[in-house]
Amino acid sequence: ETGVTQTPRHLVMGMTNKKSLKCEQHLGHNAMYWYKQSAKKPLELMFVYSLEERVENNSVPSRFSPECPNSSHLFLHLHTLQPEDSALYLCASSPEGRTGSPLHFGNGTRLTVT
Amino acid sequence: SQQGEEDPQALSIQEGENATMNCSYKTSINNLQWYRQNSGRGLVHLILIRSNEREKHSGRLRVTLDTSKKSSSLLITASRAADTASYFCATDARWGTSYGKLTFGQGTILTVHP
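Note that the structure is predicted; figures quoted are calculated from it, not measured.

Undergrad: Give me the sheet that holds strand β3 (residues 19-24) of chain B: which residues, what numbers.
TA: Residues and elements named next belong to chain B. The antiparallel open sheet is built from five strands, whose spatial order is β1-β3-β8-β7-β6. The open sheet has two free edges, formed respectively by β1 (5-7) and β6 (55-58), since each of these has just one partner strand. With direction set aside, neighbouring strand axes in the sheet form an average angle of 20 degrees. Bridge count for strand β7 (residues 61-66) against strand β8 (residues 71-76) is six bridges, and the pairing is antiparallel. Each bridged residue has a counterpart across the sheet, and for Thr64 the counterpart in β8 is Ser73.

Shown next as structure tokens:
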């Protein structure tokens, strides 16, 4: 176990569906992140939350909507996605959000948009 | 934009041999980190080297950093089949709007044959 748990591990959804990805960390960290990993591309930082406040939004389309109800939980709400959104979505946490401290990753959700 | 770029993209060696991977980046950094990713899993932090350090060891791992050349190398000695994975460098920007944010390269795929 990595200390960061993501569910579901796999998700197939149509372009008109609405679904949510869930991330939970038991490390006592104050910052949580969503990354997107696509084939042949570097990891893309999507969102950063520090102490439940969003501190980074990297020009992500509005069809991705993050939610951080507390420092242990992070969600990514998905609606009207496109096939190019198919990727591995990784959640990560760190003790704090701006000092470049090492990230602890979950095992990801493999998303396929049909 | 600042981005780690790993070289080579793929490396295939025999068990027992050493594996060397390189990373180049473009802007001033606070630290550089190396991560490993097994197929279908999340990234695992391996080692962090600060901008004022030149070399660091952790078990069979040796990392060097040359800030004048904006490059780093990761050496895995006496490789094992279990070392087969993708390896990523990540840089932590020192200035500007990217301060404290980790930026990942595209990774080196290492295959160690038994």
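Undergrad: For the interface of chain A and chain B, give the residues involved together with the corresponding values.
TA: Contact residues are listed per partner, giving 22 residues for chain A and 20 residues for chain B. Summing the contributions of chain A and of chain B, the shared interface buries around 1600 Å²; its carbon and sulfur component is 50%. On the surface where chain A and chain B come into contact, there are zero salt bridges. For the pair chain A and chain B, the number of links is five residue pairs in polar contact (both at pLDDT 80 or more). Every element with two or more residues in the side of chain A that touches chain B is listed here: β4 (31-37) and β9 (87-94) of chain A. Looking at the side of chain A that touches chain B residue by residue, the classes come out as nine nonpolar, eight polar and five charged.

Parameters at a glance
Residues numbered from 1 in each chain as written. Chains lettered and ligands numbered in written order. Predicted model: local features only at pLDDT ≥ 70, side-chain atom pairs only at ≥ 80, totals over all residues. Heavy atoms only, no water. Pairing = 2+ DSSP bridges. Helix = DSSP H or I, 4+ residues; strand = E, 2+ residues; numbered from the N terminus. Axes fitted to C-alpha atoms, helices over the stretch in contact; angles between N-to-C directions. Contact = heavy atoms within 4.5 Å. Buried area = accessible area lost by both parts, 1.4 Å probe. Salt bridge = Lys/Arg side-chain N within 4 Å of Asp/Glu carboxyl O. Polar contact = N/O pair within 3.5 Å; in protein donor to acceptor, adjacent residues only side chain to side chain. Nonpolar A, V, L, I, M, F, W, Y, C, P; charged D, E, K, R; others polar.

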